[in-house]
Amino acid sequence: MNIILLGPPGAGKGTQAKQIQEFYKLPHISTGDILRENINNNTSLGLKAKSYMSRGELVPDELLITIIKDRLSKKDCEKGFMLDGYPRTIPQADALQMILTESGEIVDAVVNISVDDEELIKRLSGRRMCKCGTSYHVMFNPPEKEDICNTCNGKLYQRDDDRSEAIRNRLNVYKKQTQPLINYYDSKKILRTIDGSKEIPQIFEDIKKVLDEYDQ
Ligand code: AMP
């Protein structure tokens, strides 16, 4: 099963992706995580991506297309994959289709997690991350000890792009560049929209109802 998680920043794609990965044994491919790892390791890709990311802008398509082509060629993607944060533009979606066509594959389903702007701003501005990948929210999902990860005891931090100026930019960028993908995939009859304003376990149940149709 090859699936895409679509939705604005803060919709809960990363949170749901962790559960989907575990339940369906699909590799979770987050382009945001790949880029952040490159920044942390000071690679040339990381250096190129850093300024775009901290402003909340998209990293150029050609870099992302190279990343995704390389990642999808890895052995763990042979039985399927889950993309989180890719594609974010129509050219990226077209490139994905070309990559998959070359290996005789398709995207089975696009799960679009929908949440309104007011809720997204609340979620993103209170989000705190740990380097182990766990995310928290200062009000809705606080850690047991302030600013300390429950899982690994790491110190929590706020992503640069979760600060208010960058949040506004990311939401505008989403509307202009990523939202057109909703019609793109709807016209291919593979778009399934989920209400992302519900509680986390309920959203996962709703996603399972969709994915169980494709999982064999
Ligand atoms: P995310 O972790 O998915 O919220 O991504 C964080 C940031 O990484 C985005 O705001 C972009 O700057 C960059 N990024 C991640 N995925 C992509 C993509 N598919 N295309 C362009 N930029 C991306």
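Since we're looking at a predicted model, the values are computed, not measured.

Asks: Please set out the overall build of the chain residue by residue, giving values where relevant.
Replies: For the chain, the helix and strand inventory stands at 9 helices and 7 strands. In terms of principal-axis extent, the alpha carbons of the chain reach across some 50 × 40 × 35 Å. The proportion of buried residues among the 216 residues of the chain is 47%. Intrachain contacts of the chain at a sequence separation of at least 6 include 69% that bridge at least 24 residues. Looking at the chain as shown, the accessible area adds up to about 11700 Å², and 50% of this sits on carbon and sulfur atoms. In the chain, 32 side chains carry a positive charge and 33 a negative one; their mean positions are 3 Å apart.

Asks: Can you break down the sheet that holds strand β1 (residues 2–6) residue by residue, with the values?
Replies: Strand order in the open sheet made by the 5 strands is β2-β3-β1-β4-β7, with parallel pairing throughout. In the strand order of this sheet, the two ends are held by β2 (28–30) and β7 (191–195), each with one partner. Within this sheet the neighbouring strands show an average axis-to-axis angle of 20 degrees, counted without direction. Sheet topology places β1 next to strand β3 (residues 81–84); 4 bridges connect them, and they run parallel. Note on β3: the bridge partner recorded for Ile4 is Leu83.

Asks: Account for unusual backbone geometry, naming residues and giving values.
Replies: The linkage connecting Tyr86 with the following residue, Pro87, adopts the cis geometry, with an omega of -5 degrees. Structurally, Pro87 is set in the loop between β3 and α5 (90–102). You will see that Lys25, though not glycine, has its phi angle at about 55 degrees, which is positive. Topologically, Lys25 is positioned in the loop between α1 (13–24) and β2.

Asks: Give a description of the packing of aromatic side chains that names residues and reports values.
Replies: In total, this model carries 3 aromatic pairs according to the counting rule given. Between the aromatic rings of Phe23 and Tyr24, the centroid separation amounts to 4.9 Å while the plane-to-plane angle is 70 degrees, which identifies the pairing as edge-to-face. Residue classification places Tyr24 among the buried positions, given a relative accessible area of 8%. Put simply, the rings of Phe23, Tyr24 and Phe204 touch in pairs and so form one group of aromatic residues.

Asks: Report on the nonpolar core, specifying residues and quantitative values.
Replies: Membership of the largest hydrophobic core comes to 31 residues, with the highest contact counts inside it found for Ile29, Leu35, Leu72, Leu83, Leu96, Val110 and Tyr185. Of all the secondary structure elements, the ones that give two or more residues to this core are β1, α2 (31–40), α3 (44–55), α4 (61–72), β3, α5 and α8 (180–186). If near-sequence neighbours (up to four positions away) are discounted, Leu96 is found in contact with Ile4, Leu72, Leu83, Tyr86, Pro87, Val107 and Tyr185. The next biggest cluster of nonpolar side chains, apart from the first, holds 23 residues, and it includes Ala11, Met82, Ile167 and Ile203.

Asks: Tell me about the packing of helix α6 (residues 117–125) against helix α7 (residues 164–178), and name the residues and values.
Replies: It is at 11 Å that the axes of α6 and α7 come closest, and there the two elements cross at 135 degrees. Between α6 and α7, the interaxial angle falls into the category oblique. For the element pair α6 and α7, the recorded crossing hand is right-handed. Contacts from Asp117, Leu120, Ile121, Leu124 and Ser125 of α6 reach α7 at Ile167, Arg170, Leu171 and Lys175.

Asks: Provide a residue-level description of the site of the ligand, including the pertinent values.
Replies: Of all residues adjacent to the ligand, which total 16 residues, the nearest are Thr31, Arg36, Glu57, Gly85 and Gln92. In this structure, Val59 approaches the ligand through a main-chain N or O atom, which is 3.1 Å from a nitrogen atom. Within the side chain of Arg170, one N or O atom sits 3.5 Å away from an oxygen atom of the ligand. With the chains in place, 95% of the 480 Å² that the ligand exposes on its own is no longer accessible. Tallying contributions element by element places α2 first for the shell around the ligand, with 4 residues. Its residues placed into classes, the shell around the ligand shows 6 nonpolar, 4 polar and 6 charged.

Cut-off values and rules
Residues numbered from 1 in each chain as written. Predicted model: local features only at pLDDT ≥ 70, side-chain atom pairs only at ≥ 80, totals over all residues. Heavy atoms only, no water. Helix = DSSP H or I, 4+ residues; strand = E, 2+ residues; numbered from the N terminus. Buried < 20%, exposed > 50% of the residue type's maximum accessible area, 1.4 Å probe, protein only. Contact = heavy atoms within 4.5 Å. Areas by Shrake-Rupley, 256 points an atom, 1.4 Å probe, with all protein chains shown as cover. Lys, Arg positive; Asp, Glu negative; His and termini not counted. Charge placed at Lys NZ, Arg CZ, Asp CG, Glu CD. Pairing = 2+ DSSP bridges. Axes fitted to C-alpha atoms, helices over the stretch in contact; angles between N-to-C directions. Phe/Tyr/Trp six-rings, centres within 6.5 Å; stacked < 30°, edge-to-face > 60°. Core = buried A, V, L, I, M, F, W, Y, C linked by side-chain atoms within 4.5 Å. Parallel < 35°, antiparallel > 145°, perpendicular 65-115°, else oblique. Left-handed = near helix turned anticlockwise from the far one by under 90°. Near = heavy atom within 4 Å. Polar contact = N/O pair within 3.5 Å; in protein donor to acceptor, adjacent residues only side chain to side chain. Nonpolar A, V, L, I, M, F, W, Y, C, P; charged D, E, K, R; others polar.

In short, the description is geometric, and any link to function would need to be established separately.
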